[in-house]
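# Topology and contacts: notes
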Amino acid sequence: MITPSRFYESLPSIARELFLKWGDFLWNDVTFNMPDSKLHAMGHCERVLFHALAMGVLEIGYDEVEALEILAHASVFHDTRRQDEYQDVGHGARAAVYYDDYCRQSDGTVTFHPEAAYLMRYHDLDDNIGREAIRKGFPDSYERVEKLYEIFKDADALDRWRLGRWGLDVKYLRTDSARSLVDTARDLVNATMDPAVVAYYDRLIDDMMHNRQ
């Protein structure tokens, strides 16, 4: 775990319990195609896990334990099968396959949630594509799954602060809870990432903006 206790201790008890449980699982049981990535490996997924659980409580409620677990599963698996540091469209689908295989081989210790597979399967695609797939896949509960999809995509987006001060454009966030966590997300990146990595992306974007002038 890299998240300082002052962050996760601020979570409601059920979210804190799930954060510690699935954060430990992330670091000890999940494998990554790019385990040394500074942008898309365990550190990123742990921060997304924190945001997803914090938002889940705010958007859905304390007693929706299954929904919170769905968000946790999507968070810890979603970038496991990346092949590069860029857009890598399709890495969500590969992660969903890995998640399905992992659950099947876990002898019931990790419950497979089809909703979590959809969240990660479509997180790297346009929202409209994800929503259409969810409505087809969950015709009787699509509103619930769409809400989880919005929460998860916003949780992932909040960690764009790792790309420097220009990384997150708040106007693209989908939920009120995400907007309420913008400053927390920036503080969490500053507390857990190598400042040199964040500074590199600041310089990169600054140079790009300068060259456009």
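Look a little higher up for the structure.
In short, a report on the structure.

Calculation notes
- Residues numbered from 1 in each chain as written.
- Predicted model: local features only at pLDDT ≥ 70, side-chain atom pairs only at ≥ 80, totals over all residues.
- Heavy atoms only, no water.
- Axes fitted to C-alpha atoms, helices over the stretch in contact; angles between N-to-C directions.
- Helix = DSSP H or I, 4+ residues; strand = E, 2+ residues; numbered from the N terminus.
- Parallel < 35°, antiparallel > 145°, perpendicular 65-115°, else oblique.
- Left-handed = near helix turned anticlockwise from the far one by under 90°.
- Contact = heavy atoms within 4.5 Å.
- Polar contact = N/O pair within 3.5 Å; in protein donor to acceptor, adjacent residues only side chain to side chain.
- Phe/Tyr/Trp six-rings, centres within 6.5 Å; stacked < 30°, edge-to-face > 60°.
- Buried < 20%, exposed > 50% of the residue type's maximum accessible area, 1.4 Å probe, protein only.
- Lys NZ or Arg CZ within 6 Å of the ring centre and 35° of its normal.
- Core = buried A, V, L, I, M, F, W, Y, C linked by side-chain atoms within 4.5 Å.

## Side note on the packing of helix H3 (residues 42-59) against helix H10 (residues 182-192)
- It is the contact of H3 with H10, at a shortest axis distance of 11 Å, that shows an interaxial angle of 155 degrees. The angle between H3 and H10 falls in the class roughly antiparallel. In this structure, H3 meets H10 at a crossing whose hand is right-handed. The residues of H10 that touch H3, namely those facing Arg-47, Phe-50 and His-51, are Thr-184, Ala-185, Leu-188, Val-189 and Thr-192.

## A word on the environment of His-113
- Within the secondary structure, His-113 sits in the loop between helix H5 (91-105) and helix H6 (114-121).
- Placed 13 residues apart in sequence, His-113 and Asp-100 show a C-alpha to C-alpha distance of 8.7 Å.
- Those residues within four positions of His-113 in sequence are excluded, and the remaining contacts are Glu-66, Glu-69, Ile-70, His-73 and Tyr-99.
- Polar side-chain contacts of His-113 include one of 2.7 Å to the side chain of Glu-69.

## Brief notes about the packing of aromatic side chains
- Using the criterion set out here, one finds 14 aromatic pairs in the structure.
- Between Trp-22 and Phe-25 the ring centres are 5.1 Å apart and the planes differ by 80 degrees, which places this aromatic pair in the edge-to-face class. Taken together, the residues Trp-22 and Phe-25, both in helix H2 (residues 13-29) and three residues apart, mark about one turn of the helix. Comparing Trp-22 with Phe-25, the two get one shared label, buried.
- One aromatic cluster is present, formed by Trp-22, Phe-25, Phe-77, Tyr-98, Tyr-99, Tyr-102 and Phe-112 through successive ring pairs.
- Seen from the ring of Tyr-98, Arg-81 lies directly overhead, with NZ or CZ sitting 3.7 Å from the centre.
- Across the ring face of Trp-161, the terminal group of Arg-186 is positioned such that the distance to the ring centre comes to 4.6 Å.

## Focus: unusual backbone geometry
- You will see that Asp-88, though not glycine, has its phi angle at about 45 degrees, which is positive.
- By secondary structure assignment, the location of Asp-88 is in the loop between helix H4 (65-77) and H5.
- Within the chain, Asp-107 stands out as a residue other than glycine whose phi angle is a positive 55 degrees.
- For Asp-107, the position within the fold is in the loop between H5 and H6.

## Concerning the side chain of Asp-79
- Relative to the elements of secondary structure, Asp-79 occurs in the loop between H4 and H5.
- Using a relative accessible area of 4% as the deciding quantity, one classes Asp-79 as buried.
- Other than its neighbours up to four places away in sequence, Asp-79 contacts Phe-32, His-40, His-44, Cys-45, His-91 and His-123.

## Let's talk about the nonpolar core
- Trp-22, Phe-25, Leu-71, Phe-77, Leu-119 and Leu-158 are the most contacted members of the largest nonpolar core, which totals 67 residues.
- The element best represented in this core is H3, accounting for ten residues.
- Not counting the four nearest positions on each side in its chain, Leu-158 is found in contact with His-51, Met-55, Leu-168, Leu-173, Ala-178, Leu-181, Val-182 and Ala-185.

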